[in-house]
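# Coordinate inspection notes
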Amino acid sequence: MDDKNCNLEITLRDANYTIDETLGVKEYDLSQLELNQEKHVVITFANSSQVSFTLLLKHDTTPDLRYSLALCDQEKAFLHTRQKIVYDGLNRLLGQNGPRELDEVPVIGMLGSGGGFRAMVAFSGVFTALSNTGILDCVTYVSGLSGSAWFLSTLYSHPDFPLKSPGELQNELKDSINHSPLSLVSPKSLYRYMGAIYTKHRRGQHVSFTDFFGHLLGDTLLKKRKDCKLSDQRAKVTNGSAPLPLYTCLHVKKNVMAKVYQEWIEFSPFEVGIAKYGTFMRSDIFGCKLYLGRLIKDYGEFPLHYLQGIWGSAFCILFKQLIQENGRKDLAQIMRENDSKCDEAELDQELEQFKVVQEDGQSESEEDETEAEITFKAHQHPRRLSETVRKNTQKSLWKGMIENFFNNSWFDTYDGRAGMIHNPLRGLRLNYLYPISPFSPTTATDDVDFKGNNEALPTEQKKLYLVDGGLTFNSPYPLLLRPQRGIDLFLSFDFSARPSDSTPPFKELLLAEKWAIHNNINFPPIKEQASVYAKEKRIRECYIFKHPTDPYCPIILHFVITNNKYRDYKAPGVKRSTEQELKEADFSVFDDPTDPYSLFNFNYTSELFDRLSKLMEFNTLESLQTVKDIISEIIVKKRTNRPVPVITLGDVARLKMRFHAKDAFSKLRAYVRSFSRDEMGNRDVKETENDMNKLTLKGNKS
């Protein structure tokens, strides 16, 4: 459909075995239709063929996309249930310092950074400590990026979680990564992977090296449950028995640096969406073909292993560089350096290699095809391809694909390495942008970082390029900084690489602060306090960041990888006494010349696994009292400070709603005021949602 002229384009094709033949194209002016009235139309094509249609024009009241900045109903219901469980957990943890009313329950969110298998192993130690101490029962959200997302998704996909604790399931993870995923690369597995990728492409979906990498991860981490789905995790959280897991990646433009233009995509068991556009979809239709907000081709839900490949796609994007660097650099830093070196002219030259030469001499848009897809299409539509391309397809399919993956320059572009999906926003008109919330600025700044965030995605674009979130900064703060989630305390676990064990561990946190400032999100000041911490002689296990005057600003507890107190203590307050105990803890993480915890190490022996997981378990336990004290402090603030509304009418000026009736405007004002914590605590989730639905209907009628 032509959005500007309101014309419906109808193409008549003759279905053939090799290629469908186009018999004619006609347009029908939709302005001839009356709302909610059927009309019978007969279209006559040039070959005298006639096709009869029944057309009906009506408002779409049940789109497959959800247009809203609000949390989905399922997440609201989860919060309602989880709050009571957290209330009980806090009272067990804090005793008389626990909350007295549900309104005093803080929303605690955990964040795990990227860092490959190092992050995954370290996060397993963190979860063991938090579970054993009861703190995990007090957490509402857990979020992961790259390696931390691998751990979270593997844990939440386990059939025995949460009945079994993370500590009880830790040995399974240890056994899974006792050998490298690359050991799975055999002719037999390659044939199986290529067959699955080929099948996916023939169904009409995009493919890249991320598919291949996802298969490797699935066989390594998920094994027999490789076909499990993200939506399966709904059963883990429906009754509030575990924190809600959130995962992330970036949508990027192929000719713009990711630090300039990136859109954070969030994944939950319930939904996948882009908060920038206030647009979300059910997790089971992510990757399917949508147009004008409607599902037009359902391919079925992606398997979890493919999403794991997307969430950690840094290892696809810079596979060659990681080999050349031998894992000595921080992956996030390599990614940013690589991104900044790729200027537009270089990318244009690179992309010229992938334009398909048609028989009439005209080239298709680079948006339509990649070299891998050309290889596939040679088997389906040979008449469309040039003689050169046809000769290349004489090789066996899987062998040609492997050559594309590892040897071709195609592998050096986003087409070859990034995850690709059909654009779910195709055909829509993006009238408003919400970079993170209604509070965010609407105009671009001169700062290079995040400058393109105020640009809208071209909705005619057929596919989205999805890459590792670490390309911007290596911690999933944007997921939990959405004002709708109202996080009071961030438990931030940073597993990013550092040049040495003594290097201050604030690089990613400073980038998160910059992002929050750009989006006008309340965030504790980091730069000044970090400069004070950086002067200390030893790296702490945990750092506290909070606003000196604003009681409503969230607090951050920033945990890092460091082996200081652990060298002398096998448990908090319990000194090591034997030579064997001292030897077990005598190791460096980033200063070790053999670099056992390199980003490119996918093979963790039992000794390496135990050292790192137990180190982070100790560091978390060492700060247990700090965590308790901060939670108690927040509870007191909630009890003594008068709650303030999260938003006011002035904050939502971009919602250009016209209310001709005073009654409708008064209800809007009352609804906005209801966002204050004291009122929301006494209102049922469904009741509040119903109020807004009624208000919206009245506003539309007005």
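Every value quoted in this text rests on a predicted model; they were computed, and no experiment measured them. Note on numbering: residues in each chain are counted from 1, in written sequence order. Only residues with pLDDT of 70 or above have their local features reported here, since the model is predicted, and side-chain atom pairs are shown and tallied only from 80 upward, although totals for entire chains, interfaces and linings are computed over all residues. The basis for every side-chain value is the complete set of non-hydrogen atoms in the structure, without hydrogens or water.

## What about the overall build of the protein chain?
Looking only at helices and strands, the protein chain has 25 helices and 20 strands in total. For the protein chain, the proportion of its 702 residues judged to be buried stands at 53%. Contacts spanning at least 24 positions in sequence make up 72% of the contacts within the protein chain whose residues lie at least 6 apart. Carbon and sulfur atoms make up 49% of the accessible area of the protein chain, which amounts to about 31600 Å² in all. The numbering of helices and of strands both runs from the N terminus, where a helix is a DSSP run of H or I of at least 4 residues and a strand a run of E of at least 2. When accessible area is computed with a 1.4 Å probe and restricted to protein chains, residues below 20% of their type maximum are described as buried, those above 50% as exposed, and intermediate ones as partly exposed. Only heavy atoms enter the contact rule, under which two residues are in contact if any of them lie within 4.5 Å. All accessible-area figures derive from a Shrake-Rupley calculation using a 1.4 Å probe, and residue coverage is judged against the displayed protein chains alone.

## Considerations on the pairing of strand E7 (residues 141-144)
Both faces of E7 are covered, namely the face carrying Tyr141 and Ser143 and the face carrying Val142 and Gly144. Where strand E6 (residues 108-112) and E7 come together, four bridges link them in parallel fashion. Residue pairing for E7: Met110 is matched across the bridge by Val142. Orient the strands so they point away from the viewer; a crossover is then right-handed if the path from the first strand over the helix to the second runs clockwise. One crossover worth recording links E6 to the parallel E7 by way of helix H2 (residues 116-133), and it is right-handed. One bridge is not enough; two strands pair if DSSP finds at least two bridges between them.

## Structural notes on the nonpolar core
Within this scheme, the nonpolar core is defined by two criteria: the residues are buried Ala, Val, Leu, Ile, Met, Phe, Trp, Tyr or Cys, and they are joined through side-chain atoms within 4.5 Å. The biggest cluster of nonpolar side chains holds 145 residues, and the ones touching the most others in it are Met110, Phe267, Trp311, Tyr477 and Leu491. Among the elements that take part in this core, H2 stands out by supplying nine residues, more than any other. Formed by nine residues, the second largest nonpolar core is a distinct cluster that contains Ile10, Leu30, Leu33 and Ile43.

## Concerning the environment of Gly240
Residue placement: Gly240 occurs in the loop between helix H7 (234-237) and strand E8 (244-252). Remark: the alpha-carbon pair of Gly240 and Ile85, spanning 155 residues in sequence, is separated by 7.1 Å. With residues near it in sequence (within four places) discarded, Gly240 still touches Phe78, Thr81, Arg82 and Ile85.

## Some points on unusual backbone geometry
Excluding glycine, residues mostly have negative phi values, and the peptide bonds linking residues are mostly trans. Residue Pro162 follows Phe161 across a cis peptide bond; omega there is 5 degrees. When you line up the elements, Pro162 lands in the loop between helix H3 (147-156) and helix H4 (166-176). Residue Leu292 is not a glycine yet carries a positive backbone phi of 55 degrees. When its relative accessible area of 31% is taken as the criterion, Leu292 is described as partly exposed. Of note in the backbone geometry, Asp595 takes a positive phi value of approximately 50 degrees without being a glycine. Take Asp595: it is sitting in the loop between helix H20 (579-584) and helix H21 (606-622). Looking at Asp595, the relative accessible area reads 14%, which means it is buried.

## A few points about the packing of aromatic side chains
We call Phe, Tyr and Trp rings a pair once their centres come within 6.5 Å, taking the six-membered ring for Trp, and we label the pair stacked below 30 degrees between planes, edge-to-face above 60, and tilted otherwise. Overall, the coordinates contain 29 aromatic pairs when judged by the stated rule. With a centroid separation of 5.2 Å and an interplanar angle of 45 degrees, the aromatic rings of Trp264 and Phe473 are classed as tilted. You can see Trp264 sitting in strand E9 (residues 263-267) and its partner Phe473 sitting in the loop between strand E15 (463-467) and helix H17 (477-480), a full 209 residues away along the chain. As far as the burial class goes, Trp264 and Phe473 line up, both buried. An aromatic cluster is defined as three or more aromatic residues linked by ring pairs; in this entry it consists of Phe123, Phe127, Phe151, Phe493, Phe495 and Phe559. Here, a charge over a ring is recorded when the distance from Lys NZ or Arg CZ to the ring centre is within 6 Å and its angle to the ring normal is within 35 degrees. Its end group placed over the ring of Tyr306, Lys200 keeps NZ or CZ at 3.7 Å from the ring centre. Above the plane of the ring of Tyr566 lies Arg576, whose end atom (NZ or CZ) is 4.5 Å from the centre.

## Observations regarding the side chain of Glu301
Looking at the secondary structure, you find Glu301 in the loop between strand E13 (294-297) and helix H8 (304-311). Positive: Lys, Arg. Negative: Asp, Glu. His and the chain ends are not part of the count. The salt bridge criterion pairs a side-chain nitrogen of Lys or Arg with a carboxyl oxygen of Asp or Glu, the two atoms within 4 Å. One buried charged residue, Glu301, remains without a salt bridge, the closest side chain of opposite sign being Arg234 at 6.1 Å. Among the polar contacts listed, one links the side chain of Glu301 to the backbone nitrogen of Leu230, at a separation of 3.3 Å. Among the polar contacts made by the side chain of Glu301, one reaches the side chain of Ser231 at a distance of 2.6 Å. Sequence-distant contacts of Glu301, that is, excluding residues within four places in its chain, are made with Lys229, Leu230, Ser231, Ser283 and Asp284. N or O atoms within 3.5 Å of each other form a polar contact, as long as, within protein, one can give a hydrogen and the other can take it, and as long as residues adjacent in sequence are counted only when both atoms are side-chain atoms.

## A closer look at the side chain of His305
Inspection of the secondary structure assignment puts His305 in helix H8. Accessibility expressed as a relative area gives 5% for His305, which makes it buried. Residues contacting His305, with those up to four places away along its chain left out, are Gly214, His215, Gly218, Leu222 and Lys226.

## A closer look at H3
Within H3, ten of the ten residues are buried, which leaves the element mostly enclosed by the surrounding structure. Residues of H3 that are buried: Gly147, Ser148, Ala149, Trp150, Phe151, Leu152, Ser153, Thr154, Leu155 and Tyr156.

## Quick notes on the packing of H4 against H21
Throughout, an axis means a line fitted to C-alpha atoms (over the contacting stretch in the case of helices), and angles, computed between N-to-C directions, take values from 0 to 180 degrees. Running from amino to carboxyl end, H4 crosses H21 at an angle of 135 degrees, the nearest separation of the two axes being 10 Å. Taken together, the axes of H4 and H21 lie oblique to each other. Of the two possible hands of crossing, H4 and H21 adopt the one that is right-handed. In this structure, H4 contributes Gln170, Leu173 and Lys174 to the contact, and H21 contributes Ser606, Phe609, Asp610 and Ser613. Charged means Asp, Glu, Lys or Arg here, nonpolar means Ala, Val, Leu, Ile, Met, Phe, Trp, Tyr, Cys or Pro, and polar covers whatever is left, Gly included. For the contact of H4 with H21, the residue count by class is two nonpolar, three polar and two charged. Roughly parallel refers to an angle under 35 degrees, roughly antiparallel to one over 145, roughly perpendicular to one between 65 and 115, and oblique to any angle outside these ranges. Helix crossings fall into two classes, left-handed where the near helix is turned counterclockwise from the far one by less than a right angle and right-handed where it is turned clockwise.

## Some remarks on the environment of Gln529
Looking at where Gln529 falls in the secondary structure, it is placed in helix H19 (residues 527-533). Relative accessible area serves as the criterion here: at 31%, Gln529 is assigned to the partly exposed category. Considered as a pair, Gln529 and Lys546 are 17 residues apart in the sequence and their alpha carbons are 9.2 Å apart. Those residues in contact with Gln529 that sit more than four places away from it in its chain are Ile544 and Phe545.

All quantities given are derived from atomic positions and should not be read as evidence of function.
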